[in-house]
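# Structural description and commentary
Here is what each chain is made of, one letter per residue.
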Amino acid sequence: MTFFYFGYIVADMIDWNKPTPDSHFVEVDRLRVHFKRLGSGPVVLLLHGSGSSMQGFERVAALLSRSFTVIRPDLPGFGLTGPRTDRDYRIETYVATMAAFTAALDVERYCIAGNSLGGNIAWNLALQHPERLDALVLINATGYPEKSLPAGLRLARNPLLRPLLRRWLPRSATRANLRSIVGQGSRIVDDAMVERVHALMSLPGNRSAFVDLANTNQTDRSAEIPRIVTPTLVLRSAGIDGQHFARDIPAAQERVHPAAGHLLPEEEPVWVANAIEEFLNALRGGLPSTRSSTS
């Protein structure tokens, strides 16, 4: 079967169960964290959302790598990093793991951009480790209690469906969920995307990790958001509710896409990459050159 993946013809399905030649792994917090690194210049760390993987930032990373060192990890519970043995998916645990991850790569300072869950981790990192961050980009980030949950998370919270979702998820459900979280006119949900998301979610332990994350009682730190001092860019799709980062973070800038859905980095990668690059270039006089290992 032939697939089109980011504009390239792929004759055979990609084996998402295996690392690729540009894959790296580093031991962090009793996890073997999978990541990719591309480009040169100041470091930009990209954090994906729940139910996704580093592949959600593939196009954005390629575009940003022309001017920056772009590092993309698979967050614990997703992709080739896989589940945590302690099943701890609290935001504060993600923050500690990502802080240890950058330290393990000898990255002293960096810019961070996160989508959805990744954005939640990113702004919590800005609160916890402001001395490490040069810039913060929040892309349809979560963290306010009134923000609506995607359909997949709502299903994973259903007590009748939880045991089933840990063991089995049909591709048709993956396709339906993806279509429900993109913009109405989006055409990105094709066979290649469904195969990628479904295959990575089907890796051992990842479905259970998603259910565990969905049912984790997260601490509400939204009242602390006005304490963020890192220069911040908020990228938001117009239809996404319950986001107040641009209102609450002092001097935050905001750009709103009129048509995209929850998966803004995949739906509009050029728009996202250009917005991030313009924002970072405006700050770039104060951004350090990269200092990181290639573990």
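Let us look at the structure shown here.

If you walk across this open sheet you meet the eight strands as S3-S4-S6-S5-S7-S8-S9-S10, and the pairing is mixed. Two strands in the sheet have a free side with no partner beyond their single neighbour: strand S3 (24-28) and strand S10 (253-257). The sheet shows a mean angle of 20° between the axes of neighbouring strands, direction not considered. Note that strand S8 (residues 133-139) and strand S9 (residues 232-237) share four bridges and pair parallel. Along S9, the bridge assignment pairs Ile 139 with Leu 235. Against the sheet, helix H11 (residues 269-283) makes contact with strand S5 (43-47), strand S7 (110-115), S8, S9 and S10, and its axis sits at roughly 155° relative to S8, the strand it touches most.

Another point: the nonpolar core. Within the largest apolar cluster, 49 residues are counted, with the highest numbers of intra-cluster contacts made by Phe 101, Ile 112, Ile 121, Leu 125 and Phe 245. Among the elements that line this core, the one with the most residues is helix H3 (residues 117-128), at seven residues. Residues Ile 139, Leu 233, Leu 264 and Leu 287 belong to the second largest nonpolar core, which totals 25 residues.

With that settled, consider helix H8 (residues 206-214). Judged by how many residues are buried, H8 sits mostly within the fold: eight of nine residues are covered. Within the span of H8, buried status applies to Asn 206, Arg 207, Ala 209, Phe 210, Val 211, Asp 212, Leu 213 and Ala 214. Buried residues along H8 sit against helix H2 (91-104), H3, helix H4 (151-156), helix H5 (162-167) and helix H7 (191-201).

On to the packing of aromatic side chains. Applying the stated criterion across every chain yields a total of four aromatic pairs. Ring centres of Tyr 89 and Tyr 94 lie 6.2 Å apart, and the angle between their planes is 40°; this geometry places the pair in the tilted category. Ring centres 6.2 Å apart and planes at 55° place the aromatic pair Trp 123 and Phe 245 in the tilted group. In this pair, Trp 123 sits in helix H3 while Phe 245 sits in helix H9 (residues 245-248), placing the two residues 122 residues apart along the sequence. Taken together, Trp 123, Tyr 144 and Phe 245 form an aromatic cluster joined through their ring pairs.

So, on to H11. Taking 1.5 Å of rise per residue, the 15 residues of H11 would be expected to cover 21 Å, and the 21 Å separating its terminal C-alpha atoms lies within 8% of that figure. Within the sequence span of H11, burial applies to Pro 269, Val 272, Ala 273, Ala 275, Ile 276, Glu 277, Phe 279 and Leu 280.

A word on the pattern of salt bridges. Applying the stated rule across the entire model yields 20 salt bridges. Across the salt bridge formed by Glu 224 and Arg 227, the nearest N and O atoms sit 2.7 Å from each other. By relative accessible area, which is 24% here, Glu 224 ends up partly exposed. Residues joined in a network through salt bridges with shared partners are Asp 29, Arg 30, Arg 84 and Asp 86.

Rules used in this analysis
Residues numbered from 1 in each chain as written. Predicted model: local features only at pLDDT ≥ 70, side-chain atom pairs only at ≥ 80, totals over all residues. Heavy atoms only, no water. Pairing = 2+ DSSP bridges. Helix = DSSP H or I, 4+ residues; strand = E, 2+ residues; numbered from the N terminus. Axes fitted to C-alpha atoms, helices over the stretch in contact; angles between N-to-C directions. Contact = heavy atoms within 4.5 Å. Core = buried A, V, L, I, M, F, W, Y, C linked by side-chain atoms within 4.5 Å. Buried < 20%, exposed > 50% of the residue type's maximum accessible area, 1.4 Å probe, protein only. Phe/Tyr/Trp six-rings, centres within 6.5 Å; stacked < 30°, edge-to-face > 60°. Expected span 1.5 Å × (residues − 1). Salt bridge = Lys/Arg side-chain N within 4 Å of Asp/Glu carboxyl O.

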